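Structural characterization, general
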Amino acid sequence: MSLFKARDWWSTVLGDKEEFDQGCLCLADVDNTGNGQDKIIVGSFMGYLRIFNPHPVKTGDGAQAEDLLLEVDLRDPILQVEVGKFVSGTEMLHLAVLHSRKLCVYSVSGTLGNVEHGNQYQIKLMYEHNLQRTACNMTYGSFGGVKGRDLICIQSMDGMLMVFEQESYAFGRFLPGSLLPGPLAYSSRTDSFITVSSCRQVESYKYQVLAFATDADKRQETEQQKHGSGKRLIVDWTLNIGEQALDICIVSFNQSASSVFVLGERNFFCLKDNGQIRFMKKLDYSPSCFLPYCSVSEGTINTLIGNHNNMLHIYQDVTLKWATQLPHVPVAVRVGCLHDLKGVIVTLSDEGHLQCSYLGTDPSLFQAPKVESRELNYDELDKELKELQKVIKNVNKSQGVWPLTEREDDLKVSAMVSPNFDSVSQATDAEVGADLVPSVTVKVTLQNRVALQKVKLSIYVQPPLVLTDDQFTFESMAPDMTRTVGFSIYLKGSYLPPELEGNAVVSYSRPTGIPRVSQCKFRLPLKLVCLPGQPSKTASHKLTIDTNKSPVSLLSLFPGFAKQLEDDQVNVMGFHFLGGSQVTLLASKTSQRYRIQSEQFEDLWLITNELIIRLQEYFEKQGIKDFTCSFSGPVPLQEYFELIDHHFELRINGEKLEELLSERAVQFRAIQRRLLTRFKDKTPAPLQHLDTLLDGTYKQVIALADAVEENQDNLFQSFTRLKSATHLVILLIGLWQKLSADQIAILEAAFLPLQQDTQELGWEETVDAALSHLLKTCLSKSSKEQALNFSSQLDIPKDTSRLKKHITLLCDRLAKGGRLCLSTDAAAPQTMVMPGGCAPIPESDLEERSIEQDSSELFTNHKHLMMETPVPEVSPLQGVTE
């Protein structure tokens, strides 16, 4: 048994699927026996009232039948139970039960039994009050200093305090500015009510002020009040605690001093009568209930605080004195005298676990038996050790280092894209200039083999594509269960996404608690962002893709984009993107070439990639496995560099705008301080046009903030276009040098390291660091370059010249036979067979200039080179001829 575990003295579970809260537990001598023994009164939200008098035969026993004195169904949810002197003409204790629309006061009495069945207990309704407003909680006490009786104050859900003088209703008052009710307590020493408002501040109201204030039936001020007659409800004192309160308790040392205890969501406060903080304690856990009581030590207070970690902490002022483990999360805690045992801690959980426990330790009576001493046979131990090592070695050989105890098919994720658009488009907030933006439905199916917990499905697509739903959560999935979710995807922005591929990622926990992740990729149709268009005869940017097979009819490759069906147009097709740009695709009649042309360089990517994918799928269906595509070059680096410069220019512009905005904000605050000083001055002084300067600075701040937002939008669009162009350049380099899939993956990791770039970490410096690493490792000339160290800090560069030189040098190394790999050991022998050798990476600007001059002959302006390609300029009506 653990030293810090609460000692179970008596416990039971109340009802079946009943719910309880902090007001549902009370300890008192409710049947007025006078022997000082408390009874446990419990009410539930199901309407059941139970009274217990525990008599365990031995410590830790559960509830016996005779422990339950009374159980009655009151048919209405019980919000709170209290015991006090609630009946006029007598000072005996009675039970007050608060329902949502009713307050009932009962008398609890017992009849001695003449047989072995024991005593009989019953309750008698003394009186009840029907409430006009829904109740939240209540408190009681000797309001106004009355002697020998207790009055009841009920707080409604709309912030009204209703005071009952036993059998009669006294008055009702609305708390000013009340939005949501908070915990309520009564301080007898100051004769005031203390609560915590929705403004997160502790408020105190005198009972006399409440009694003489305006009646609650008139919430709005009348004309007489405005002219001075009548009294308004004024708060005595307030204290802002900055968080919502869970409970309030008042503890008195003596008649001359008392303390107000407030339990917040993360802090525990002790206040004086006048609202000043006596002390506070920051809690490292989420509390659930508390109970302060006077300590044995003079001037100190002990506090029991339960939390959601099944722990009960005991503090003396702010010092933690004891911590004990409970079997449940307590929502209410009380201390009483049960069966001549003083200081029993009674806790109640929200599910009805009622436990009486005490602190301390139990002596352990167990003694370990003596071990018989025997001589060790070391030869047998060595033999047994060798056999075990042999078994371990065989297991490692057959199953690897880690045994495969878990199958990989715990969860199968599959995605299906609808072949047709939605009949009613879900693109309600699209910013595209087209009349109607289509949307397509995607269904993701989850099939699990074993029971799974906390299953979360997340969907990702490339912006400006957006989803109607991107998060789906399942608390649990039974074995062999299938779940299918659907959502729609559409184009929101007026520019193109860098990819038409989506990703469905599922995170879940296995029954053993091990977290796992599964994912599934799906491809969106081209017609989601593109419509059939008119072919264009001329274009600024052109690409030619070579193949080793006869040209395929474009109508069979793109059946949904044929705008005309004449025989002489089967080798020309136009594409009109929803953002407004156009791309033309031409297939040669005689050669094995395809040309893609457009006015924007980045717009070539989607059509080029879609063409290669559809060509591969077409020849796979024909059973042809040796189909290949190639690109004869040159790589269009100048157009790519223009996009890099534009993106970098927007980043620099964003930094300048943020600096200007920061300067104007500092100036705005300085003017505000000067104006405030002038207004506070007892002798008025002229403003000296400070108000005009403040207005002008405010307008500048607003204009700069709008400019920053606009620049951020432009930067995001520029980065998306840059990613499209980067995908295209990687594709062309792979076709140009016939790179393998692993080498293309290395290029993608180097050129596309970020999903989004920021001012702190941008695309330019990240890519430059990755390219420098490749050039000094797998594409290096000697081992000296591989031993060079790099700076671990990435800062925004002054310009893009170094990045552009590294990109040019990378293509130059690949053109001379260099190959990409991640292992530096495998890179060394590759550099030995590179034709002509590779120049070392320049460490100065002079060396870079010489290399740039050498490589300028190979990578020139792509616009001029396309004039010399073997495929001449033709009209769409004639096709492509040699």
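Residue indices follow the written sequence of each chain, beginning from 1 at its first position. Only residues with pLDDT of at least 70 get local features here, since the model is predicted, and only at 80 or more are side-chain atom pairs given and counted; chain-wide, interface and lining totals rely on the full set of residues. The basis for the side-chain values is all heavy atoms of the structure; hydrogens and waters are excluded.

A look at the overall build of the protein
- If you tally the helices and strands in the protein, you get 14 helices and 43 strands.
- Using a 1.4 Å probe on the protein chains alone, a residue whose accessible area is under 20% of its type maximum counts as buried, one over 50% counts as exposed, and one in between counts as partly exposed. In the protein, which comprises 882 residues, the proportion classed as buried is 45%.
- Using a 1.4 Å probe, accessible areas were evaluated by the Shrake-Rupley method; residue-level cover was limited to the displayed protein chains. Of the roughly 46,700 Å² of accessible surface on the protein, a fraction of 50% belongs to carbon and sulfur atoms. Numbered from the N terminus, helices here are DSSP runs of H or I no shorter than four residues, and strands are runs of E no shorter than two.

Comments concerning the packing of aromatic side chains
- We call Phe, Tyr and Trp rings a pair once their centres come within 6.5 Å, taking the six-membered ring for Trp, and we label the pair stacked below 30 degrees between planes, edge-to-face above 60, and tilted otherwise. For the structure shown, the criterion picks out 20 aromatic pairs.
- Seen from their ring centres, phenylalanine 619 and phenylalanine 627 are 4.5 Å apart, and the 20° between their planes marks the pair as stacked. An identical accessibility class is assigned to phenylalanine 619 and phenylalanine 627; each is buried.
- An aromatic cluster is built from Phe143, Phe171, Tyr186, Phe193 and Tyr207, whose rings are joined through pairwise contacts.
- The lysine or arginine in question, lysine 527, covers the ring of phenylalanine 421, its NZ or CZ lying 5.2 Å from the ring centre. The criterion is that NZ of a Lys, or CZ of an Arg, lies within 6 Å of the ring centre and within 35 degrees of the ring normal, and then a charge sits over that ring.

Side note on the nonpolar core
- In terms of nonpolar packing, the biggest core is built from 103 residues, with Ile489, Phe575 and Tyr640 touching the most fellow members.
- The leading source of residues in this core is helix 7 (residues 690–737), at 11 residues.
- For this analysis, residues touch if any pair of their heavy atoms sits within 4.5 Å. Aside from chain neighbours lying at most four places away, what touches isoleucine 489 is Pro438, Ser439, Val440, Val442, Val461, Leu465, Val466, Leu467, Phe522, Leu524 and Leu528.
- The set of buried Ala, Val, Leu, Ile, Met, Phe, Trp, Tyr and Cys residues whose side-chain atoms join them within 4.5 Å is what this entry labels a nonpolar core. Of all hydrophobic cores here, the second largest spans 18 residues; its members include Leu49, Ile51, Val81 and Tyr121.

Focus on the sheet that holds strand 13 (residues 160–165)
- Pairing is antiparallel in the open sheet, where four strands are placed in the order 11-12-13-14. Two strands in the sheet have a free side with no partner beyond their single neighbour: strand 11 (135–141) and strand 14 (168–174). Ignoring which end each strand starts from, the neighbouring axes of this sheet average 20° apart.
- Pairing analysis gives four bridges linking strand 12 (residues 151–156) to strand 13, with the strands arranged antiparallel. By the convention used here, strands pair only if DSSP detects at least 2 bridges between them. Lines are fitted to the C-alpha atoms to define the axes, a helix being fitted only along its stretch in contact, and any angle between axes, read from their N-to-C directions, falls within 0 to 180 degrees.

Here we look at a nonpolar patch on the surface
- Where nonpolar side chains cluster on the molecular surface, the patch consists of Leu376, Tyr378 and Leu381 and spans about 330 Å² of accessible area.
- Topologically, leucine 376 is positioned in the loop between strand 29 (353–358) and helix 3 (378–399). Note on patches: the residues involved have over 30% relative accessible area and no salt bridge, like charges join within 9 Å, and the nonpolar side chains Val, Leu, Ile, Met, Phe, Trp and Tyr join within 5 Å. Basic side-chain nitrogens of Lys or Arg form a salt bridge, by our definition, when they fall within 4 Å of a carboxyl oxygen of Asp or Glu.

So, the sheet that holds strand 18 (residues 237–240)
- Strand order in the open sheet made by the four strands is 15-16-17-18, with antiparallel pairing throughout. Here the strands that pair on one side only, and so sit at the sheet edges, are strand 15 (184–187) and strand 18. Strand-to-strand, the axes of this sheet are offset by a mean angle of 20°, without reference to chain direction.

Considerations on the packing of helix 6 (residues 637–680) against helix 7
- Packing of helix 6 against helix 7 brings their axes to within 8 Å, and their N-to-C directions diverge by 160°. Considering the angle they form, helix 6 stands roughly antiparallel to helix 7. Considering the relative orientation of helix 6 and helix 7, their crossing is left-handed. Here is the rule for angles: anything less than 35 degrees is roughly parallel, anything more than 145 is roughly antiparallel, 65 through 115 is roughly perpendicular, and the remaining ranges are oblique. Less than a right angle of anticlockwise turn of the near helix away from the far helix marks a crossing as left-handed, whereas a clockwise turn marks it as right-handed.

A few points about the pairing of strand 21 (residues 267–271)
- For strand 21, the tally of buried residues reaches five of five residues, placing the bulk of the element in the interior.
- Residues Asn267, Phe269 and Leu271 line one face of strand 21 and the alternating positions Phe268 and Cys270 line the opposite face, and both faces are buried.
- Here strand 20 (residues 257–264) runs beside strand 21; their pairing, made up of four bridges, is antiparallel. Counterpart to valine 260 in the pairing with strand 21 is leucine 271.
- Connecting strand 20 to the next strand, strand 21, in antiparallel fashion are two residues.
- Alignment of strand 21 against strand 22 (residues 277–282), held across five bridges, turns out to be antiparallel. Bridge pairing links phenylalanine 268 to lysine 281 in strand 22.
- Counting the residues between successive antiparallel strands, the hairpin from strand 21 to strand 22 contains five residues, one of them, glycine 275, with a positive phi of roughly 95°.

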